[in-house]
Amino acid sequence: MELGSSSGRTVHITVTNGYDLKGFKGDTSVTFVRAEFNQIVLGDSSKITVSPEGTAKYNFTCSFELSPDGGTTLDDLAHKLLFLTVTELLPKEKKQKDEKTSILGQAVVDLLPLLEGEDSFETTVPLHPVQGSPLETPSPGSKQCSLDVKVFVAEPLLTPAQVSASNLLKVTLEAAYSVPESFIPVGPQYNYVVGLQVPSVGEKDYPMVFKNGNMKLGGEREPVPRPKKWPIANILAPGANNIPDAFIVGGPYEEEEGELNHPEDREFRNQAECIKKRIVWDLESRCYLDPSAVASFQKRIADCRLWPVEITRVPLVAVQKGKAGKLEKTDDENQLSFHGVAYVNMVPLLYPGVKRIRGAFHVFPYLDGTVFEKTKCLFSLFRDTGHHIVHNNKAGGLNSPLSKPFSKNLKEEKPMKDKDIDGRIRPADLQAPSIKSQSSDTPLEGETTLSHNLEGQQYLEAGTYIVLEIQLDKALVPKRMPEELARRVKEMIPPRPPLTRRTGGAQKALSDYHTQIKSISRAILDEYHQMFGKQVAKEGSDIDSESLEEQKCQLNYELNCSGKYFAFKEQLKHAVVKIVREKYLKTTAFESQEELQTFISELYVFLIDQMHVALNQSMPDDIQGPIPTIEISTEQLRLFAFEAEVNENFEMAAVYYEERLVREPQNLDHWLDYGAFCLLIEDNIKAQECFRKALSLNENHIHSLLLCGVMAVMMENYEQAEIFFEDATCLEPTNVIAWTLLGLFYEIQNNDIRMEMAFHEAFKQLQARHVQTKLKKTATIENIDEELKLEPHFGSWAAIHESITAMKAEGIPGIRPRSSQLMNAHPNIELHPPPQGPSTVLSSLEELTEESSKAQSELQDPIVTLQPQESSLAQKPSNVLLKELVAKKETSKCQDSSPFYQYTPHIITQPPATIFMETIRFLMKVNAVQFVHRVLAHELLCPQGGPSCEYYLVLAQTHLLKKDFAKTEEYLQQAAQMDYLNPNVWGVKGHLYFLSGNHAEAKACYERTVSFVVDAAEMHFIFLRLGHIYLEEKEYEKAKSTYMQACKRAPSCLTWLGLGIACYRLEELTEAEDALSEANALNNYNAEVWAYLALVCLKVGRQLEAEQAYKYTVKLKLKNEALLAEIHSVQEMVGFGDPSF
């Protein structure tokens, strides 16, 4: 790697003091310090006598040069250590020529701060004793011996720009578990070696090798935390092997990024890491990446998702004196055995903000064709590129993974090739056909047979895996910080706090006027009491009009004579002026006399009205009490709005939604509901405004962020969409829907790596949630039969990725807008013309049902219950009534049904929902059906998904929106084949027949749905439509029973109206009037309610009420001509009811 601006720089090291030193010859020993770096001795200090306190002042300075052309480079600073060895000089013995020395201890200094932009640093490093040193037994009360070291350079080795653009790669090899049985710790000694190649500048790869694995028998788990060790073999002091402040801490399997991180792998890993044999390294190797190397590293990951990590076993070499490093050529190919490879997915390092991956990776036999196919790597690190690495097993065999490349130039490469050619055929020569075919990027057939690895096959049989950690100092792809995302969201959607009330506004002026009126009225009343006495005032009702008029004249005369009348006028004048200015905004002169007179008249009427208001407030005894009214909750308004949507009465639905906003403008759920309604009628601009208003009320609301992101995608504002989705995942990292929508967004952007990252995270969070749910509900699940237990199963993420790739190859159905509408569930109800181009709500949107089935539904994921995780968007109305219904629930819901529709109890069972099905439910809930087909394609190809009952139900819903009844029926048949006893299937099938006009089949389906013990997801509309069919077929008793159940669950104008009609047809006029009165109280704009009230009043002979009800029936323009003719017939029969004749 290039040294760059640091060419020719000198690094100075100064050892100032030593503390708590102790030698072999007492406390006054003589010592010196030797500095060594990169296997080069930098120098020795002068010989210093240690003081009795154990202090030695060395003041020793040495240095070395940095040079990119051989010698010491920046790479060496990253992974090599500065050794400081303290040696004691022993007294000379007789006839001894040379001084005798003994090493006391060794300290190591990490020079990494120089690569972080610092020009100097000071540190106190511990002096680790060597074996047999007196420092191993410190004196009582003394501290660990240490050295003060200062390192400095004249100028920083790297500029701030280089520091920012460079990176540091750390690879930690922990252990290999479940190794083959042929690996035994006794007998011949072997060196277990693991290596991988790190891309650098240009086309040259540099090896990172881990040697000297420690073979261990099973019996106990490796302790955590345990220290990481330097990958250097020539450290003299055992304590200096540990890297300061660097530990292996482990972690849950589910949070790893490897291959064995699923619940079904837990038992195997527990056995492998506790019982079976393993090879332990615990080594951390580092590699400095300059800016160009970072770019090369990032490009290699993008091009080759999987990287090969090789493992092999070689016998230890006995080195003879004078022949160090020389090996017999005939032994080369035989000493490379048990050659395996693990495939590490490096793509997560390209995820935004990811700096670390750790996991367990299976070891496979090294087969050239497989390795090339998966990694595009043509050469083996051990066999082809650097076979001599694994044989160099003498002391100091591994000092640096990157310090000395294997070939500096062509002159060095040529002799090595000649040497191989002169000798035996290399094992790599067996790969000649593969190497020759590299132009086609495909290995030749038969390659696996030629390179069959019998020893490596034992890794598969034993289930061997290695645990590896790869960490970067800085993320390759920076991630937006939550603060930045929040700032960007604020910029797009600034908060809109409510305006502060003005103290001097119109309301204040009116309040002052009322105060003055009350004050003047009390003064006039006191004057009256003085003139005529309080007793006369109390008996005012017994005084005739003439006496009262005479008292009034006397009072006026007295007020005028005393001047109090003018005083009262002046007292009131200021309040009137304020009303003119604040209420009527009149601050300039009038242009004409006529304009003045008109304004005075208007002002006079207003002041008189307000005077009466003030007088009534001051005299409450004379005020008539308000007429009691039925309070309608916002949840009831939401139910009414849903009914209006299904009946395509969009104007009335808008009225209900706007009424909720008027009542509680700060409730963001109301804004979200109104926005979903606007999506339904395809008013995307208004929908976006509603979602952004909700977000301005709470910037941390996840559903608001997601919906703003969905709207941004629909309007092709992709930059804002990414900000919204990323902010949602930052605020709630465990939200499955947020991660899935982010993945769908990246898919639209053709960003495959980030799409995979988002789907993988969503999958992981869903898996963790299912595990937690299973643990929480263990007691409940144990009480259920084994056939009803839900056991989640998760496949590998690699399978999900393959399905995504296959889906991208096959293509995804396009997004088409909805243009069809559902038919009216109640043809007699008045319908306003819908807006231009609206689409209708899914019948499955209706989830405002009772909570009587809550106990059963807790054991399952409701099918087509299109509600998000949070309850803010799915609060059910009339909770009190629903709870009462749970207590009073009938033992049989279908006593009047035919025996054919009776069945045994059944609980809906289904596998846990996938990330895509959860997202489908959320999108359908908020009417964002444009995305559903894209997500359904993922669901179809997902290993945990595929065709399911819920999948076909959603497909049927989407085709029902288009009124494609043939396709709808086809998908419903497939759903019924998968779960024949699912009430949702029969409910949607009933909607299909009802909308297509086949009421006989609809009736049969609805009756079957009602007869189930477990309710369908949309019982409210099922009861409404079934009751409507009963009324059409004149089965009034069944209609009455059906509508009564609907009124108990979720009372509304339509449920009470149906009950009133059924009672009226049964001649139960009192019950009919009560039900119709409830319906009228909930909605007094329903013409049909007034019509039946008129009929009831005509039958019971109440003429005035009959005429009033008929008047409103005509005023609201009743559309049902048959009902209007019936009213006229009854009017003619009783002789009253129509005041126009």
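For every chain, the first residue of the written sequence is number 1, and numbering continues from 1 along that sequence. With pLDDT at 70 or above as the cut-off, local features in this predicted model cover only qualifying residues; side-chain atom pairs require 80 or more to be listed or tallied, and sums for whole chains, interfaces and linings still use all residues. Computation of side-chain values: all heavy atoms of the structure, hydrogens and water removed.

Student: Kindly report on the overall build of the protein, identifying the contributing residues and their values.
Tutor: Elements are defined by DSSP. Helices are runs of H or I of four residues or more, strands are runs of E of two residues or more, and each kind is numbered from the N terminus. Across its full length, the protein carries 42 helices and 21 strands. Here the protein holds 1141 residues, and 51% of them are scored as buried. The contact definition used throughout considers only heavy atoms, calling two residues in contact when any of these lie within 4.5 Å. Taking the contacts inside the protein whose residues are at least 6 apart along the sequence as the reference set, 73% of them involve residues at least 24 apart. Here the accessible surface of atoms and residues is derived via Shrake-Rupley with a 1.4 Å probe, and residues count as covered only by protein chains that are part of the display. Here the protein has roughly 54,300 Å² of accessible surface; of this, 52% comes from carbon and sulfur atoms. Think of it in three bands: with a 1.4 Å probe and only protein chains considered, a residue is buried below 20% of the maximum accessible area for its type, exposed above 50%, and partly exposed in between.

Student: Go over the pairing of strand S18 (residues 306–315), please, and point to the residues and values.
Tutor: Most of S18 is tucked away: eight of the ten residues are buried. Note that strand S12 (residues 190–199) and S18 share six bridges and pair antiparallel. Looking at the pairing, Asn191 lines up with Val314 of S18. Here seven bridges tie S18 to strand S19 (residues 337–345), and the two strands are oriented antiparallel to one another. Here the rule is simple: two strands pair whenever DSSP picks up at least two bridges between them.

Student: A description of unusual backbone geometry should follow, citing residues and the corresponding values.
Tutor: Each neighbour pair has its own omega, and for Val224 with Pro225 the value is -5°, a cis peptide bond. Here Pro225 is to be found in the loop between strand S14 (214–216) and strand S15 (226–229). A positive phi angle, close to 60°, is found at Glu716, a residue other than glycine. Along the chain, Glu716 falls in the loop between helix H22 (702–714) and helix H23 (718–731). Owing to a relative accessible area of 59%, Glu716 belongs among the exposed residues under this scheme. Positioned with a positive phi, Glu1067 is a non-glycine residue whose angle comes to about 65°. A relative accessible area of 53% places Glu1067 in the exposed class.

Student: How would you summarise the packing of helix H19 (residues 650–663) against helix H20 (residues 668–680) if you had to cite specific residues and measurements?
Tutor: Inter-axis angles, ranging from 0 to 180 degrees, are taken between N-to-C directions of lines fitted to C-alpha atoms, where helices are fitted over the stretch in contact. Viewed as axis vectors pointing N to C, H19 and H20 meet at an angle of 160°, and their least axial separation amounts to 9 Å. Relative to H20, the element H19 lies roughly antiparallel. For the element pair H19 and H20, the recorded crossing hand is left-handed. Taking contact as the criterion, the partners of Phe650, Ala653, Ala654, Tyr657, Glu658, Arg660 and Leu661 in H19 are, on H20, His670, Trp671, Asp673, Tyr674, Phe677 and Leu680. Each residue belonging to the contact of H19 with H20 can be placed in one class, and the counts come to nine nonpolar, one polar and three charged. Convention used here: angles under 35 degrees read as roughly parallel, angles over 145 as roughly antiparallel, angles from 65 to 115 as roughly perpendicular, and any remaining angle as oblique. Crossing handedness is defined as follows: a turn of the near helix away from the far one that is anticlockwise and smaller than a right angle gives a left-handed crossing, while the clockwise case is right-handed. Just so you know the grouping, Ala, Val, Leu, Ile, Met, Phe, Trp, Tyr, Cys and Pro go in nonpolar, Asp, Glu, Lys and Arg go in charged, and all remaining residues, Gly too, go in polar.

Student: Account for the sheet that holds strand S5 (residues 56–65), with residues named and values stated.
Tutor: The four strands are arranged S5-S1-S10-S8 in an open sheet whose pairing can be described as antiparallel. Every interior strand has two partners, whereas the edge strands, S5 and strand S8 (120–126), have only one. With strand direction ignored, the average angle separating the axes of adjacent strands in the sheet is 20°. Note: strand S1 (residues 10–19) against strand S10 (residues 146–153), seven bridges, orientation antiparallel. Bridge pairing in S10 places Ile13 opposite Val151.

Student: An account of the pairing of strand S13 (residues 205–210) is requested, with residue identities and associated values reported.
Tutor: With five of six residues buried, S13 is to be regarded as a mostly interior element. Both S12 and S13 contribute to a ladder of six bridges, which runs antiparallel. Note on S13: the bridge partner recorded for Val194 is Phe210.

Student: Describe in detail the packing of aromatic side chains, supporting the description with residues and values.
Tutor: The rule is short: rings of Phe, Tyr and Trp, with Trp giving its six-membered ring, pair when the centres are within 6.5 Å, and they are stacked under 30 degrees, edge-to-face over 60, tilted in between. As enumerated under the stated definition, the model contains 28 aromatic pairs in all. Here the aromatic rings of Phe183 and Tyr459 are separated by 6.3 Å at their centres, their planes lie at 85°, and the arrangement is edge-to-face. With Phe183 in the loop between strand S11 (167–177) and S12 and Tyr459 in helix H11 (residues 454–462), the pair connects residues that are 276 residues apart, well separated along the chain. The residues Phe183 and Tyr459 share a single accessibility class, namely buried. Ring centres 5.7 Å apart and planes at 40° place the aromatic pair Tyr343 and Phe364 in the tilted group. Linking Tyr343 in strand S19 with Phe364 in strand S20 (residues 356–365), this pair joins segments that are 21 residues apart in sequence. The rings of Phe183, Tyr192, Phe338 and Tyr459 are connected pair by pair, giving a single aromatic cluster. By definition, being over a ring means that NZ of Lys or CZ of Arg is both within 6 Å of the ring centre and within 35 degrees of the ring normal. Looking at Arg313, its charged tip hangs above the ring of Tyr190, at a distance of 3.7 Å from the centre. Over the face of the ring belonging to Phe364 we find Lys374, whose NZ or CZ atom lies 5.2 Å from the ring centre.

Student: Give me the confidence of the model for the protein: which residues, what numbers.
Tutor: A score between 0 and 100, pLDDT records how confident the predictor is in each residue. Looking at the protein as a whole, the pLDDT averages 77, with 75% of positions reaching at least 70. Across the protein, the element-wise mean pLDDT spans from 32 in helix H9 (residues 432–436) up to 95 in helix H38 (residues 1053–1065). The low-confidence segment residues 391–451, where pLDDT is below 50, has 94 contacts with residues more than four positions distant or belonging to other chains. This model gives residues 784–910 a pLDDT under 50, and the stretch forms 328 contacts once residues within four places in sequence are excluded.

Student: Describe the nonpolar core, listing the residues and the values that go with them.
Tutor: Among soluble globular proteins, nonpolar side chains are generally buried collectively. Take the buried Ala, Val, Leu, Ile, Met, Phe, Trp, Tyr and Cys residues and link them wherever side-chain atoms come within 4.5 Å; each set so joined is a nonpolar core. Of all hydrophobic cores here, the largest spans 201 residues; its most connected members are Leu169, Trp281 and Phe297. Ranked by residue count, the leading element in this core is helix H40 (residues 1087–1100), at eleven residues. When near neighbours in sequence (up to four residues on either side) are disregarded, Leu169 contacts Val198, Met208, Ser285, Arg286, Cys287, Leu289, Phe297, Ile470, Gln471 and Leu472. Val109, Leu111, Val149 and Tyr288 belong to the second largest nonpolar core, which has 43 residues in total.

Student: Kindly report on the packing of helix H12 (residues 482–492) against H23, identifying the contributing residues and their values.
Tutor: In the contact formed by H12 and H23, the axes pass within 9 Å of each other and the chain directions differ by 130°. One way to sum up the angle between H12 and H23 is to call them oblique. For H12 against H23, the interelement crossing comes out left-handed. Contacts between H12 and H23 involve Pro482, Leu485, Ala486, Arg488, Val489 and Met492 on the former and, on the latter, Glu719, Gln720, Ile723, Phe724, Glu726, Asp727 and Cys730. Here the residues of the contact of H12 with H23 are counted per class, giving eight nonpolar, one polar and four charged.

Student: Run through helix H17 (residues 593–618), naming residues and quoting values.
Tutor: A helix's residues, less one, multiplied by 1.5 Å, set its expected span. Over its 26 residues, H17 extends 37 Å from the first C-alpha to the last, a length consistent with the 38 Å expected when each residue adds 1.5 Å. Turning to H17, its buried residues number three or more, namely Phe599, Leu603, Phe606, Leu607, Gln610 and Ala614. On the buried face of H17, the contacting elements are helix H13 (506–532) and helix H16 (564–582).

Student: Describe H20, with residues and values.
Tutor: Helix length check: H20, at 13 residues, gives a terminal C-alpha distance of 18 Å against a target of 18 Å (1.5 Å per residue), a fit within 8%. Summarising burial for H20: 13 of the 13 residues are buried, a large majority. Counted as a polar contact is a pair of N or O atoms within 3.5 Å, where, for protein atoms, one must be capable of donating a hydrogen and the other of accepting one, and residues adjacent in sequence contribute only when both atoms are in side chains. Regarding H20, its N-cap is Asn667, as a side-chain oxygen of that residue lies 2.9 Å from the backbone nitrogen of Asp669 further along. Looking at the residues trailing H20, positive phi occurs at Glu682, about 65°.

Student: So what about the pattern of salt bridges? Which residues, and what values?
Tutor: Here a salt bridge means any side-chain nitrogen of Lys or Arg lying within 4 Å of a carboxyl oxygen belonging to Asp or Glu. As enumerated under the stated definition, the model contains 44 salt bridges in all. Taking the shortest distance from any N to any O, the salt bridge between Arg278 and Glu222 comes out at 3.1 Å. Within this pair, whereas Arg278 is found in strand S17 (residues 278–289), its partner Glu222 is found in the loop between S14 and S15, the two being separated by 56 residues in sequence. The salt bridge involving Lys1038 is made with Glu1035; its shortest N-O contact spans 3.3 Å. By sharing partners, the salt bridges in this structure join Glu174, Arg221, Glu256, Arg269, Glu273 and Arg358 into a single network.

Student: Residue-level account of the state of the cysteines, with values.
Tutor: Whenever a pair of cysteine sulfur atoms sits within 2.5 Å, that pair is classed as a disulfide. The full count for this structure, using the stated rule, is zero disulfides. With no disulfide partner, Cys304 has as its closest neighbouring cysteine sulfur the one in Cys377, 8.1 Å distant.

Student: A description of the environment of Glu651 should follow, citing residues and the corresponding values.
Tutor: Checked against the element boundaries, Glu651 lands in helix H19. As for Glu651 and Ala641, which are separated by ten residues in sequence, their C-alpha atoms are 9.6 Å apart.

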